[in-house]
Amino acid sequence: MLVSVERLSQLIKVGSCVLVDCRFDLSQSQKSQQDYLDGHIPGAIYAHLDKHLSSAITPQSGRHPLPEPESFALFLASMGWQKDKLLVAYDSGNNAYSARLWWLMRYFGLAAALLDGGWEAWKKAGLPLRQGASELKTGDSPQLVANHKLTVDAAQILSQMGNLLLLDARSSERYSGAVEPLDSKAGHIPGALNRPLGLNLNAQGQFKSQQQLREEFEQLLADIDVSKVVHYCGSGVTACHNAFAMELAGYGVSRIYPGSWSEWIRDPSRPIETSS
Amino acid sequence: MIMAATAPESDWLRRLQAAVSPLNSGVSKLEIRGYKPPGDSSYRPRKTAAVLVPLLNLERPEIVLTRRADHLPQHAGQVSFPGGAAEPQDQNAVQTALREAHEEIGLPAHHATPLGFLDRLDTISDYRVLPVVALVQAPIAWQLDQREVAEVFTVPFEHVINLEHYENRPIERAGISYSIWYLQYKHHNIWGVTAAMLLNLAIRYRDAGND
């Protein structure tokens with residue numbers, strides 16, 4: 001699930017991975033593509049959150065609806081994905097966007113890994129970089145089927161409220177409703193607990209140890225069954241980070257609500273909660 | 001919702017507001033980082049201090065730092081934020097930070113809009129330090145208290161939030177190894193508690209930009 005820079009370096013040498021650069025900046029959606037052109041890990045293909053890891057926004061949807069199986073399969077083929085190669089994703093710093101790709105792969109029945117420490121770790125290790133656009137590649141275009149058992153929608157949340165444990169991956173400031181930099185309403189889904197994604201990482205931006213993550217999630221979940229856990233966030237991106245961390249901690253698969261807060265508030269009849 | 005007293009509100013400011021902990025949420029929820037004596041889990045520094053993390057409200061914002069006077073008994077010549085120990089007349093940490101910034105670099109309190117807190121940091125010198133992030137209206141005619149401050153300078157916010165710029169190195173003191181953060185900007189060598197606070201700001205800012 002997690003590869004170190006040393007391991008990735010080996011995988012690149014023997015040509016047994018497909019590498020994806022998921023860096024993204026929500027406030028400047030073109031910036032990271034330029035950053036990619038300025039320098040990336042050799043062989044990496046750029047994945048754009050809005051274009052490749054999401055489908056188009058609708059009046060009912062959140063900010064990053066899940067991509068359709070067909071378009072995601074085409075994207076995999078265009079970046080040279082092959083089923084016998086390990087897909088390794090990275091982004092800048094906290095792996096929030098690469099975790100979305102990891103989760104999408106999982107959703108479509110495929111495997112992926114994250115680069116621990118991301119782009120910063122690679123650069124700090126002094127390993128080679130490459131500039132410019134990537135060569136065109138052709139890979140396998142798999143028949144993808146979405147696994148809807150991994151997702152929960154707003155109607156299910158409403159009907160099963162009290163029977164699900166919602167974990168909100170946004171910052172405690174957005175969760176509490178004290179500030180809201182992106183959405184028109186502030187707060188969280190009633191009953192949700194807060195687990196800001198930054199808690200999954202150490203100061204170097206690497207994932208905490210399996211044991212430490214396990215202890216933290218055990219404390220948060222108390223005796224609640226993991227099958228009741230549903231992750232959400234602003235738009236179904238950082239929710240994947242908590243899902244990844246829980247899986248790393250040995251919990252197996254937990255579900256996400258892909259629409260998340262930005263979809264939830266589209267319907268004013270859905271309840272919201274604030275706290276200070 | 002907290003809105004800063006500036007218009008129009010820029011992207012970086014909205015994101016910064018989501019990155020810091022709101023003033024009204026109190027300090028008890030803030031994590032405690034920094035120095036921990038080996039084997040002593042109940043450690044709690046005896047003294048309380050606050051520092052101001054001043055951010056000049058420019059199109060490309062800058063962080064204000066000071067270099068401490070060379071003749072001081074503690075932390076001589078080191079880069080730090082304006083700040084100091086809480087005094088009896090201070091009603092809260094925000095007041096401590098603003099008072100110290102006024103005393104040390106002549107920052108008028110009405111030029112500063114406090115935005116929120118960063119995580120608390122324990123120092124080896126027996127302080128628990130609370131950083132208060134404040135938006136400052138530039139320009140300011142700095143007036144240095146030369147007994148304490150040798151120089152005031154700014155570092156671009158862009159430089160501070162780039163996590164590639166931080167380095168972690170161990171140092172040894174009395175046979176015990178401590179992990180120290182470093183941030184270099186031009187000839188300024190920012191390290192220790194100040195670098196750790198800036199790193200905390202950078203990490204919070206990074207995570208606040210996610211969705």
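Quick caveat: nothing in here was measured; it's all calculated off a predicted structure.

### Regarding the interface of chain A and chain B
1) Next: Of the residues lining the interface, 32 residues belong to chain A; the matching set on chain B comes to 22 residues.
2) Next: Those elements giving two or more residues to the side of chain A that touches chain B turn out to be α6 (118-124) and α8 (172-176) of chain A.
3) Next: Partitioning the side of chain A that touches chain B into residue classes produces 12 nonpolar, 12 polar and 8 charged.

### Thoughts on the nonpolar core
1) Next: Counting 74 residues, the largest nonpolar core has Val-20, Ala-89, Leu-101 and Trp-102 of chain A as the members making the most contacts within it.
2) Next: A total of 9 residues in this core trace back to one element, the largest contributor, which is helix α5 (residues 96-107) of chain A.
3) Next: When residues no more than four places from it in sequence are discounted, the contact partners of Val-20 of chain A are Ala-44, Ile-45, Ala-47, Met-79, Leu-87, Ala-89 and Leu-101 of chain A.
4) Next: Counting 59 residues, the second-largest nonpolar core is a separate cluster that includes Val-53, Ala-97, Phe-157 and Leu-183 of chain B.

### Things to note about the environment of Gln-143 of chain B
Residue and element names in this part refer to chain B.
1) Next: With respect to the helices, strands and loops of the structure, Gln-143 is situated in the loop between β8 (127-136) and β9 (149-156).
2) Next: Along the sequence, Gln-143 and Glu-103 sit 40 residues apart, while their C-alpha atoms lie 8.7 Å from each other.
3) Next: The contacts of Gln-143, once residues within four sequence positions are left out, are Ile-105 and Gly-106.

### What about helix α4 (residues 192-208) of chain B?
1) Next: Spanning 17 residues, α4 of chain B covers 24 Å between terminal C-alpha atoms, matching the ideal 24 Å at 1.5 Å per step.
2) Next: Within α4 of chain B, 16 of the 17 residues are buried, leaving the element largely enclosed by the surrounding structure.

### Considerations on the pairing of strand β11 (residues 176-185) of chain B
All names here are of chain B.
1) Next: Judged from the 8 bridges that link them, strand β10 (residues 166-173) and β11 form a sheet pairing that is antiparallel. Within the sheet, the bridge partner assigned to Glu-172 lies in β11 and is Ser-177.
2) Next: Remark: 2 residues form the turn of the hairpin made by β10 and β11, two consecutive strands paired antiparallel; Ala-174 in that turn has positive phi of roughly 50°.
3) Next: Bridge analysis of β11 against strand β12 (residues 188-191) gives 4 bridges, and the strand direction is antiparallel. Counted as the bridge partner of Gln-184 is Asn-189 from β12.

About the cut-offs
- Residues numbered from 1 in each chain as written.
- Chains lettered and ligands numbered in written order.
- Predicted model: local features only at pLDDT ≥ 70, side-chain atom pairs only at ≥ 80, totals over all residues.
- Contact = placed C-beta atoms within 7 Å.
- Helix = DSSP H or I, 4+ residues; strand = E, 2+ residues; numbered from the N terminus.
- Nonpolar A, V, L, I, M, F, W, Y, C, P; charged D, E, K, R; others polar.
- Core = buried A, V, L, I, M, F, W, Y, C linked by C-beta atoms within 7 Å.
- Buried ≥ 20, exposed ≤ 12 C-beta atoms within 10 Å, placed from the backbone.
- Expected span 1.5 Å × (residues − 1).
- Pairing = 2+ DSSP bridges.

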